[in-house]
Every structure is written in C-alpha cells, then in structure tokens.
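# Per-entry structural report
Single-letter residue listing:
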Amino acid sequence: MPALHIARKRTLAAATAAIAVLAIGGLAACSPEEPTKEKSSGDSTEKKEEGKGPDKDEKSGALAAGETASYKSGLKITISKATTYTPSEYAVGHTDGNKAYKVTVTLENTGEKNIDANLITTTARAGEEGVEAEQIYDDTVGSGFDGKVLPGKKATATLAYDAPASAKNLDLEVDLLDFTTEPAHWTLTL
C-alpha cells in the first residue's frame, strides 16, 4: 500500500510539472509575489515591511527554523528545526551511511479562500556542496499534503530527508506551484 501512495505522489508531481511547463509561457511577464517573513517571539509577531520580501540571512537569503513565510493570500508556512530520525527497515529514500532528519511543515490559511495543499511541494539540499537530500517515505513521515486548507485552518505534515553524514545544514524550499508566488527557503542547522 505505501508503494502505491508513493507512486501516486510522484505521478501527481509529474502532472503538476507538466502543467507548469505549459502555463509558463502565458505567465512570463508576471512578477511572482515573494513571501514576507514573520518571526514569532512569545506572543508577539514581528512582520517585515510589506513588499520587501522575507527578512533573509544576508549571505544565503533563507529563513531559519521556526520563522514563518507569509503570503498576501493569507497562507503562512512555518518549518520546525530539523531533528534526527531513524527510518524503519521499509523506508524508501534512505541510504546507509547517511543521516536522516525530520521536520514539521505547518500551513496556516489566514485568508478568505481555500488553499490547494496538493500544489505545495518541498525539495531539500544538504551540506556545503548542496547535494540533493532525498525525501524519505516511511510509515510515519513523508506523506506530505493533500486536499484543501480552509480559511482559518491549519495543515501539518512531518517530512524526512536523507543527508550525508558530514552535512551541517539542510536547505529546504517550499514551492506553491501556482505561478504567482516565489518559493520560500529555510536553512536548518543539523
């Protein structure tokens, strides 16, 4: 059953990519919206000035663990710190000798329209060389998001990634695949 779920996810990703290629021509002149950054400190929230993009690390341009990317649509995305994860013997995507890390991705819809969570994808790179960190699919991680996030609701997924044992950071990108927004980026310390 998990293999069918993984195959379905990959087919959905391929179909979404094909739609993206077809639509890109008509949207070439559009300027995608960049997320703004929110940083939670206790009960208060600091917001970066509207239209300036996320408050990013000067060198990498990425958000840190716990920081939130916020879009005009009302979508807010927050990624937790990366923690070590032990894949089961049936896990797909883990290579012996590498280390596995899991993160929690939280979507919050503070807008007035449904948000299609099926179109939200993540990719990761690890270490100074930026090698692809393959997503791990297991019984408790990797399923991602399905369906819609209604106004006022949240959706949370636990995802895991395979990184070289020497990697000291995990760079995670969350893309909405809607042609109107820029992906948000996080750099997580391992």
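Below or above, wherever it landed, is the structure these notes cover. Worth saying up front: this structure is predicted, and the values here are computed from it rather than measured. Residue numbering note: each chain is counted from 1, following its sequence as written. Confidence filtering applies because this is a predicted model: local features only for residues at pLDDT of at least 70, side-chain atom pairs given and counted only at 80 or more, and all residues used for totals across whole chains, interfaces and linings. Neither water nor hydrogens contribute to the side-chain values; these are computed over all heavy atoms in the structure.

### Re the nonpolar core
Note the cut-off: Buried Ala, Val, Leu, Ile, Met, Phe, Trp, Tyr and Cys residues that are joined via side-chain atoms within 4.5 Å together make up what is termed a nonpolar core. Relative accessible area decides the class of each residue, using a 1.4 Å probe on protein chains only: under 20% of the type maximum gives buried, over 50% gives exposed, and in between gives partly exposed. Numbering of helices and strands starts at the N terminus; helices are DSSP runs of H or I of at least 4 residues and strands are runs of E of at least 2. Between two residues, a contact is recorded if the distance between any of their heavy atoms is within 4.5 Å.
Residues Ile77, Val103, Leu107 and Trp186 are the most contacted members of the largest nonpolar core, which totals 32 residues. The set of elements that each furnish at least two residues to this core consists of β4 (75-79), β6 (99-109), β8 (121-126), β12 (154-163), β13 (169-175) and β14 (184-189). Here the element with the most residues in this core is β12; it accounts for 5 residues. Once you skip the residues sitting within four places of it in the chain, Ile77 turns out to touch Glu67, Thr68, Ala69, Tyr71, Val105, Thr106, Leu107, Val174, Leu176 and Trp186.

### Thoughts on the sheet that holds strand β9 (residues 131-132)
The line we're drawing: When DSSP finds at least two bridges between two strands, those strands are taken to pair.
The strand order across the open sheet formed by 4 strands is β9-β8-β13-β14, and the pairing between neighbours is antiparallel. Only two strands of the sheet have a single partner each, and these edge strands are β9 and β14.

### Some thoughts on the pattern of salt bridges
Applied cut-off: The working definition used for a salt bridge is a side-chain nitrogen of Lys or Arg within 4 Å of a carboxyl oxygen of Asp or Glu.
Overall, the coordinates contain 1 salt bridge when judged by the stated rule. The closest approach of N and O atoms between Lys148 and Asp116, which form a salt bridge, is 3.9 Å. Of the two residues, Lys148 is situated in strand β11 (residues 148-149) and Asp116 in strand β7 (residues 115-116); the sequence distance between them amounts to 32 residues. Of the residues examined, Lys148 reaches a relative accessible area of 53% and is grouped as exposed.

### Examining the environment of Val141
By the element assignment, Val141 lies in the loop between β10 (135-136) and β11. For the pair Val141 and Lys102, spaced 39 residues apart in sequence, the C-alpha separation works out to 7.9 Å. Those residues in contact with Val141 that sit more than four places away from it in its chain are Tyr85, Ile136, Thr158 and Ala160.

### Some words on the pairing of β13
Remember that side chains alternate between the two faces of the sheet whenever the strand is regular. Counting buried positions along β13 gives 5 out of 7 residues, so the element sits mostly inside the fold. With 6 bridges connecting them, β8 and β13 associate as antiparallel partners. Along β13, the bridge assignment pairs Thr122 with Val174. As judged from the 6 bridges shared by β13 and β14, these two strands associate in the antiparallel manner. Bridged to Val174 within β14 is Ala184.

### Observations concerning the pairing of β6
Note that β4 and β6 share 5 bridges and pair antiparallel. The residue of β6 that forms the bridge with Leu75 is Asn109. The pairing of strand β5 (residues 83-85) with β6 spans 3 bridges and is antiparallel. Bridge pairing in β6 places Tyr85 opposite Ala100.

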